[in-house]
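# Observations on the model geometry
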Amino acid sequence: MAADKIIVFFDLETTGLDTAVCDIIQLAAVYRGRVFNEHTLPRRALTTSATQVTGFRVESDGLWCHGDRVMTIPLADLLTSFLAFLRSFRCPVVLAAHNAKRFDAPVLTRVLRQYSLLQEFQQVVSGFLDTFLLSKNLYRGLPGYSQQFLVSYFLGRSYNAHNAEDDAKMLQELYEAWTPGEMDVLRATFSANSLYFY
DNA sequence: TGCCAGGCCCTCTTTAGGGCCTT
């Protein structure tokens, strides 16, 4: 990966942990001061644990989060808007997320494929960077590698975890604090073309 | 009733199993 590669940090909030079937509720991405943040109404019910963790709830009149009404857009519009956001950079970019390999990347690419947008996505995204793998490679022997723990450990801060925008912003701050070498980043990066599809 | 995610990583391993990370 070139040292000047643009790394866009992103996060998903979904209806559950099963990457084969869960629906996206929120997609947020940040690059320096630029922010993408959209919500969509899921078709699938949230699992009990997802409701507890994220605070999202679907009612007859729409999406709510911790008692606040949340504006939503159709999933197709969310995806095309996200592609337009990515296209606004010097493409292709790298998309970074915590546990991207096992969660965010499989979910995102599955949904993009369902909307026949995967090929377009692969034109603007060269690969995924998994900051969970990166942190384990960089710092052996830590008592944990969850994003909340890492933020507390390296930045000395607590934050609003499970809000995708806050998670993406915190991940960017973590990465900037780590200043990993090019080889470290390469070891934790995988191609957008190498993902398994459902 | 019984099911309930799944794959990488580590080690008390390899003829295996449990912890971790994401929602």
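Residues numbered from 1 in each chain as written. Chains lettered and ligands numbered in written order. Predicted model: local features only at pLDDT ≥ 70, side-chain atom pairs only at ≥ 80, totals over all residues. Heavy atoms only, no water.

### With respect to the protein's contact with DNA strand B
Inspection of the region around DNA strand B gives 25 residues, with Glu13, Arg140, Tyr145, Gln147 and His162 positioned closest. Each atom of DNA strand B within 4 Å of the protein belongs either to a base or to sugar and phosphate, the latter forming 66%. Between DNA strand B and Asn99, the relevant distance is 3.1 Å, taken from a sugar or linking oxygen to a side-chain nitrogen or oxygen of the residue. Note that a phosphate oxygen of DNA strand B is positioned 2.7 Å from one of the side-chain N or O atoms of Arg140. Considering only residue class, the surface near DNA strand B consists of 7 nonpolar, 11 polar and 7 charged. (Near = heavy atom within 4 Å. Polar contact = N/O pair within 3.5 Å; in protein donor to acceptor, adjacent residues only side chain to side chain. Nonpolar A, V, L, I, M, F, W, Y, C, P; charged D, E, K, R; others polar.)

### Concerning the pairing of strand S2 (residues 24–31)
The buried fraction of S2 amounts to 8 of the 8 residues, a majority that puts the element mostly inside the structure. Sheet topology places strand S1 (residues 7–14) next to S2; 6 bridges connect them, and they run antiparallel. Of the residues in S2, the one forming a bridge with Glu13 is Gln26. When S2 meets strand S3 (residues 34–39), the two strands line up antiparallel, connected through 6 bridges. When the sheet's bridge partners are listed, Tyr31 is paired in S3 with Arg34. Taking the residues that link successive antiparallel strands as the turn, the S2-S3 hairpin has 2 residues, and the phi of Arg32 there is positive, at about 55°. (Buried < 20%, exposed > 50% of the residue type's maximum accessible area, 1.4 Å probe, protein only. Helix = DSSP H or I, 4+ residues; strand = E, 2+ residues; numbered from the N terminus. Pairing = 2+ DSSP bridges.)

### Overview of the sheet that holds strand S4 (residues 56–59)
One open sheet accounts for 3 strands, arranged S4-S5-S6; its pairing is antiparallel. Each edge of the open sheet is held by one strand with a lone partner, namely S4 and strand S6 (68–70). Going across the sheet, the axis of each strand differs from the next one's by a mean of 40°, ignoring polarity. Relative to S6, strand S5 (residues 62–65) runs antiparallel, the two sharing 3 bridges. Pairing of Leu63 across the sheet is with Val70, part of S6. (Axes fitted to C-alpha atoms, helices over the stretch in contact; angles between N-to-C directions.)

### Remarks on the UniProt feature "domain: Exonuclease" (unreviewed entry) in chain A
As recorded in UniProt, the feature "domain: Exonuclease" (unreviewed entry) lies at residues 6–184. Counting secondary structure, residues 6–184 comes out at 43% helix and 25% strand; the distance between its end C-alpha atoms is 16 Å. (UniProt positions renumbered as here; feature names shortened; annotations may be inferred.)

### Details of the pattern of salt bridges
This structure, assessed with the given rule, holds 4 salt bridges. Between Arg87 and Glu120 there is a salt bridge; the shortest N-O distance is 2.4 Å. Taken together, the positions of Arg87 in helix H2 (residues 75–87) and Glu120 in helix H4 (residues 118–124) put the pair 33 residues apart, joining distant regions of the chain. Look at Arg87 and you get partly exposed, because its relative accessible area is 41%. Lys169 is paired through a salt bridge with Glu165; the nearest N and O atoms lie 2.8 Å apart. Here Glu165 and Lys169 lie together in helix H7 (residues 164–178), a separation of 4 residues that amounts to about one turn. Accessibility expressed as a relative area gives 32% for Lys169, which makes it partly exposed. (Salt bridge = Lys/Arg side-chain N within 4 Å of Asp/Glu carboxyl O.)

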